[in-house]
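What the coordinates show
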Amino acid sequence: MYKMQRLFMGILLGCFCLLAGTAAASAASPVTILGEPELRREQLVRYIEERNPNPKLSCSVEELVDYYYYEAAIEGVRPDVAVCQAIKETGCFAYGGDVSPAQNNFCGLGATGNKAPGYSFVSAQRGVRAHIQHLVGYAAGRLPHGTLVDPRFTILRDKYPQFYGQVQYWSGLNGKWAVPGTNYAEDILAIWNTIKEK
């Protein structure tokens, strides 16, 4: 009887360790830049509106999130994580750094610090498209399917070939998109995970 109990406990412990290991591996698995969204649009809208009831945007929060889902679908980029990147870059659309809300620049394109404001876009949708296209440059290493509006796309391709099409995971943007950017992707994914857990 004692041997049976030990055998049974050993089997249970083995199953538990296997399940725990699978869960840990799943939690630690890298999040790709390209792919399908895991978050619904409504989750992102709710998160933004809860944290900033008066976002500084040239469109509604719903429209902005819709632009991300539309433009990302064209290019195969994950819109939900791209919105989280925009949340990080803009301080949840409160701004306060070198980029102003009127620029429709949601990812700091060309904003290199020292009061360099970066690029401006004529509309929110155009700014979203540039953001998504820049992610395409890092992750896919091909020209965007839509008309090119990202002014830094060719710079990335021509001057930084070691990054062009070489960054498959958000964690790979550390030190590349934002310099030094030590925890850049972790901050983006922390926002994404917070929304995902709600």
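Up top you'll find the structure we're talking about.
Computed from a predicted structure; not experimentally measured.

The subject of this paragraph is the pattern of salt bridges. By the definition in use, this model includes 11 salt bridges. The partner of Glu75 in a salt bridge is Arg142, with the nearest N and O atoms 3.0 Å apart. Highlighted residues: Glu75 in helix H3 (residues 61–75) and Arg142 in the loop between helix H5 (124–139) and helix H6 (153–159), separated in sequence by 67 residues. Residue Arg142 is classed as partly exposed on the basis of its relative accessible area of 23%. Connected via shared salt-bridge partners are Glu38, Arg78, Asp80 and Lys196.

Under the counting rule described, the total for this entry stands at four aromatic pairs. Consider the rings of Phe153 and Tyr164, whose centres lie 5.9 Å apart with planes at 85°: the pair is edge-to-face. Note that Phe153 is positioned in helix H6 and Tyr164 in the loop between H6 and helix H7 (184–197), a separation of 11 residues in sequence. On the basis of relative accessibility, which here comes to 0%, the residue Phe153 falls in the buried class.

This next bit is on H3. Between its first and last C-alpha, H3 extends 21 Å over 15 residues, near the 21 Å set by a 1.5 Å rise per residue. Along H3, the residues classified as buried are Val61, Leu64, Val65, Tyr68, Tyr69, Glu71, Ala72 and Glu75. Considering only its buried residues, H3 is in contact with helix H2 (41–51), helix H4 (79–90) and H5. Positioned one or two residues after H3, Gly76 has a phi angle of 80°, which is positive.

Cut-offs used in this document
Residue indices begin from 1 for each chain and proceed along its sequence in written order. Two thresholds apply to this predicted model, a pLDDT of at least 70 for residue-level local features and 80 or more for giving and counting side-chain atom pairs, whereas whole-chain, interface and lining totals are computed over all residues. With hydrogens and water stripped out, all remaining heavy atoms of the structure feed into the side-chain values. For this document, the term salt bridge refers to a Lys or Arg side-chain nitrogen within 4 Å of an Asp or Glu carboxyl oxygen. Where helices and strands are cited, they refer to DSSP runs of H or I of at least four residues and of E of at least two residues respectively, numbered from the N terminus. Partly exposed residues are those whose accessible area sits between 20% and 50% of the maximum for their type, while under 20% is buried and over 50% is exposed, using a 1.4 Å probe and protein chains only. Under the pairing criterion, centres of Phe, Tyr and Trp rings, with the six-membered ring standing for Trp, must be within 6.5 Å; the plane angle then separates stacked pairs below 30 degrees from edge-to-face pairs above 60, leaving the rest tilted. The span you would expect from a helix comes to 1.5 Å times its residue count less one. Two residues form a contact once any of their heavy atoms are found within 4.5 Å.

These figures capture arrangement, not role.
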